[in-house]
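These are the residues of each chain, in order.
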Amino acid sequence: AAAANGAIVYHDPVDVTIIHDSGGLLGILDPLVDPLLDVLFEPRNSGPVEIADSKLNAQLANANVKIKTDDSSNPVGGTGGQITVNADARIQWSSGNDLALEADKGIDILGRITATSPGAGLHLTAKNGSITDGGGTGRITVPGLYASASNGSVQLGGNHDVGTVAGVVAAD
C-alpha cells in the first residue's frame, strides 16, 4: 500500500523473506504480482511471505520503502515477526531513497544490501530480537545506516562499508 508521503509500506502479520528473483519461477508467478505496485508479495497460510529482490529494487528506484511485520498477537514467543534477507538476495538501488526493515522480532541479513547514492539510507529496527548478518555472511554497503534493537543486540561483524552509523541497543 502507498503511504501519504509517497513511501511504499508492506505489512505482514507473519515472517517476511526477501528472496532472489533469477527470472525463473518468479517469472511464472507473475499473475501474483500486484499490477499497481509491481511487487511480488505472496500471502500464505504458513511460512514466510516472500518479496522478490528485483521487485523491491524497482520500487526503491522511485520511493522510500518500508517492510514491516506485525506480530502483536504473539509479541514474545514464536518466530512471527522475523525479516530475513536470503543469502542469494541482492537489494540494490542508486536513488537517494531509504529502505526500512521493521521487525517485531529480529532481522537477519544473509544477502547483500547496496545503496550508491549519497542520500540513501538503510533503517533496521528489531523490536524483540537482534539484528544480525548471518555471522558475517551478509554484506551492507550504504551511505547511512540506522540500527535499533531495543530488546536484543546489533551484531553486524561482516565486511560492511557504511558511511554514517547511528542506532540504539538495549540497555544492560
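Just so we're clear, the structure is a prediction, and the values are computed from it rather than from any experiment.

*Asks:* I'd like a rundown of the overall build of the chain, residues and numbers included.
*Replies:* Assigned secondary structure in the chain consists of 2 helices and 16 strands. Taken over 172 residues, the chain has a buried fraction of 42%. The long-range fraction of contacts in the chain, counting pairs at least 24 apart against all pairs at least 6 apart in sequence, stands at 53%. Entry remark: accessible area of the chain is about 8,100 Å², with carbon and sulfur atoms responsible for 52%.

*Asks:* Run through the environment of threonine 141, naming residues and quoting values.
*Replies:* Within the secondary structure, threonine 141 sits in strand β14 (residues 139-149). In this structure the C-alpha to C-alpha distance between threonine 141 and arginine 112, which are 29 residues apart in sequence, comes to 7.9 Å. Sequence-distant contacts of threonine 141, that is, excluding residues within four places in its chain, are made with Ile113, Thr114, Ala115 and Asp161.

*Asks:* Would you mind going over the pattern of salt bridges in detail, with residue names and values included?
*Replies:* As a working rule, side chains carrying opposite charge can pair if their charged atoms are close by. Scanning all chains against the criterion turns up 4 salt bridges. Where lysine 127 meets glutamate 102, a salt bridge forms, and the shortest distance between an N and an O atom there is 3.8 Å. With lysine 127 in the loop between β12 (121-126) and β13 (131-132) and glutamate 102 in strand β9 (residues 98-103), this residue pair connects regions lying 25 residues apart in the sequence. Overall, the relative accessible area of 31% leaves lysine 127 in the partly exposed class.

*Asks:* Explain the environment of glycine 144 to me, using residue names and the numbers behind them.
*Replies:* Mapped onto the secondary structure, glycine 144 falls in strand β14. On a C-alpha basis, the gap between glycine 144 and aspartate 98 in space is 9.2 Å, while along the polypeptide they are 46 residues apart. Beyond its immediate chain neighbours, meaning those up to four positions away, glycine 144 contacts Ala120, Gly121, Leu122 and Thr164.

*Asks:* Break down the pairing of β14 for me, with residues and values.
*Replies:* Every regular strand shows the same layout, with side chains that alternate between the two sheet faces. For β14, the tally of buried residues reaches 8 of 11 residues, placing the bulk of the element in the interior. Two elements, strand β11 (residues 112-115) and β14, share 3 bridges in a ladder whose sense is parallel. Along β14, the bridge assignment pairs isoleucine 113 with isoleucine 140. With 6 bridges connecting them, β12 and β14 associate as parallel partners. Each residue of the ladder has a partner; that of histidine 123, found in β14, is tyrosine 146.

*Asks:* Can you explain helix α2 (residues 53-60)? Please cite residues and give values.
*Replies:* The element α2 is largely enclosed, with a buried count of 6 among its 8 residues. If you check which residues of α2 are buried, you get Asp53, Lys55, Leu56, Asn57, Gln59 and Leu60.

*Asks:* I'd like to hear about the confidence of the model for the chain, residue by residue, with values.
*Replies:* Here the chain averages 79 in pLDDT, and 69% of its residues register 70 or above. Confidence, expressed as mean pLDDT per element, reaches its minimum in the chain at helix α1 (residues 25-28) with 43 and its maximum at strand β8 (residues 90-93) with 97. Note on residues 24-40: pLDDT under 50 across the span, and 27 contacts to partners over four residues away in sequence or across chains.

*Asks:* An account of the side chain of glutamate 102 is requested, with residue identities and associated values reported.
*Replies:* With a relative accessible area of 15%, glutamate 102 lands in the buried category. Ignoring sequence-local partners within four residues, the contact set of glutamate 102 consists of Lys66, Ile67, Lys68, Thr69, Ile83, Thr125 and Lys127.

*Asks:* Quick one: what's the story with the environment of alanine 52, residue by residue and with numbers?
*Replies:* For alanine 52, the position within the fold is in strand β5 (residues 49-52). Look at alanine 52 and you get buried, because its relative accessible area is 1%.

Conventions adopted
- Residues numbered from 1 in each chain as written.
- Predicted model: local features only at pLDDT ≥ 70, side-chain atom pairs only at ≥ 80, totals over all residues.
- Heavy atoms only, no water.
- Helix = DSSP H or I, 4+ residues; strand = E, 2+ residues; numbered from the N terminus.
- Buried < 20%, exposed > 50% of the residue type's maximum accessible area, 1.4 Å probe, protein only.
- Contact = heavy atoms within 4.5 Å.
- Areas by Shrake-Rupley, 256 points an atom, 1.4 Å probe, with all protein chains shown as cover.
- Salt bridge = Lys/Arg side-chain N within 4 Å of Asp/Glu carboxyl O.
- Pairing = 2+ DSSP bridges.
- pLDDT = per-residue confidence, 0-100.

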